[in-house]
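One-letter residues, chain by chain:
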Amino acid sequence: QVQLVESGGGLVQAGGSLRLSCAASGLPFSSYGMGWFRQAPGKEREYVARIVGSGGITTYADSVKGRFTISRDNAKNTVYLQMNSLRPEDTAVYYCAAGRRWGTMSRDYDYWGQGTQVTVSS
């Protein structure tokens, strides 16, 4: 059974930082691309960042480029999202996802975590 478990969310002031983690089990982790998505209240889920199985390629949504960094440790079956210079508009539930197609759309991912809340106060 595949499980993705996010952690690291919380409340932070604007300009602050958080590091999200997503621990995976039940799948050949290094064979899967990993993505982070987020969903704010009343809005659709949106792509944030993705990383290829080897970790050698990463891409970001324009809204987070230069502020967020995605990385992975295949020995620990974990993917991270380092979030710096946080803004109130970054407030959302953040989800990690695993998929072989490694796209920027939700449908490109096969497995999802339960989400972790990030709240940025102004």
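Check the entry above for the structure.
Definitions and limits used
Residues numbered from 1 in each chain as written. Predicted model: local features only at pLDDT ≥ 70, side-chain atom pairs only at ≥ 80, totals over all residues. Heavy atoms only, no water. Helix = DSSP H or I, 4+ residues; strand = E, 2+ residues; numbered from the N terminus. Rg over C-alpha atoms; globule rule 2.2 N^0.38 Å. Core = buried A, V, L, I, M, F, W, Y, C linked by side-chain atoms within 4.5 Å. Buried < 20%, exposed > 50% of the residue type's maximum accessible area, 1.4 Å probe, protein only. Contact = heavy atoms within 4.5 Å. Salt bridge = Lys/Arg side-chain N within 4 Å of Asp/Glu carboxyl O. Pairing = 2+ DSSP bridges. Axes fitted to C-alpha atoms, helices over the stretch in contact; angles between N-to-C directions.

A. Expanded view of the overall build of the protein chain. Across its full length, the protein chain holds zero helices and eleven strands. Helices and strands in the protein chain line up, N terminus first, as β-β-β-β-β-β-β-β-β-β-β. Taken over C-alpha atoms, the radius of gyration comes to 13 Å for the protein chain, in line with the 14 Å a tight globule of 122 residues would show. The principal-axis extent of the C-alpha atoms belonging to the protein chain is close to 40 × 25 × 25 Å.

B. Representation of the nonpolar core in the model. By size, the foremost hydrophobic cluster in this structure holds 35 residues, and its most contacted members are Trp36, Leu81, Met83 and Tyr94. Breaking this core down by element, the ones donating at least two residues are strand 3 (18-25), strand 4 (33-39), strand 5 (46-51), strand 7 (68-73), strand 8 (78-83), strand 9 (92-99) and strand 11 (116-121). With sequence-adjacent residues up to four places away left out, tyrosine 94 is seen in contact with Glu6, Leu20, Trp36, Phe37, Arg38, Val48, Phe68, Leu81, Met83, Gly115, Thr116 and Val118.

C. Up close: the pattern of salt bridges. Applying the stated criterion across every chain yields a total of five salt bridges. Note that arginine 38 and aspartate 90 form a salt bridge whose closest N and O atoms lie 2.9 Å from each other. Of this pair, arginine 38 sits in strand 4 while aspartate 90 sits in the loop between strand 8 and strand 9, and the two are 52 residues apart along the sequence. A single burial state applies to arginine 38 and to aspartate 90, both of which are buried.

D. Highlighting the sheet that holds strand 3. Across the sheet, four strands lie side by side as 1-3-8-7; this open sheet has antiparallel pairing. Strand pairing shows two members of the sheet lacking a second neighbour, strand 1 (3-7) and strand 7, which therefore form its edges. Going across the sheet, the axis of each strand differs from the next one's by a mean of 15°, ignoring polarity. Where strand 3 meets strand 8, six bridges bridge the pair, whose relative direction is antiparallel. Its bridge partner being in strand 8, serine 21 is matched across the sheet by tyrosine 80.

E. Up close: the pairing of strand 9. Extensive coverage of strand 9 is indicated by the burial of seven of its eight residues. The sheet contact formed by strand 4 and strand 9 spans seven bridges and is antiparallel. Counterpart to glutamine 39 in the pairing with strand 9 is valine 93. Where strand 9 lies against strand 11, three bridges are found, and the strand directions are antiparallel. Bridging across to strand 11, tyrosine 94 finds its partner in threonine 116. For strand 9 and strand 10 (residues 111-112), the ladder comprises two bridges, and the chain directions are antiparallel. For alanine 98, the partnering residue across the bridge sits in strand 10 and is tyrosine 111.

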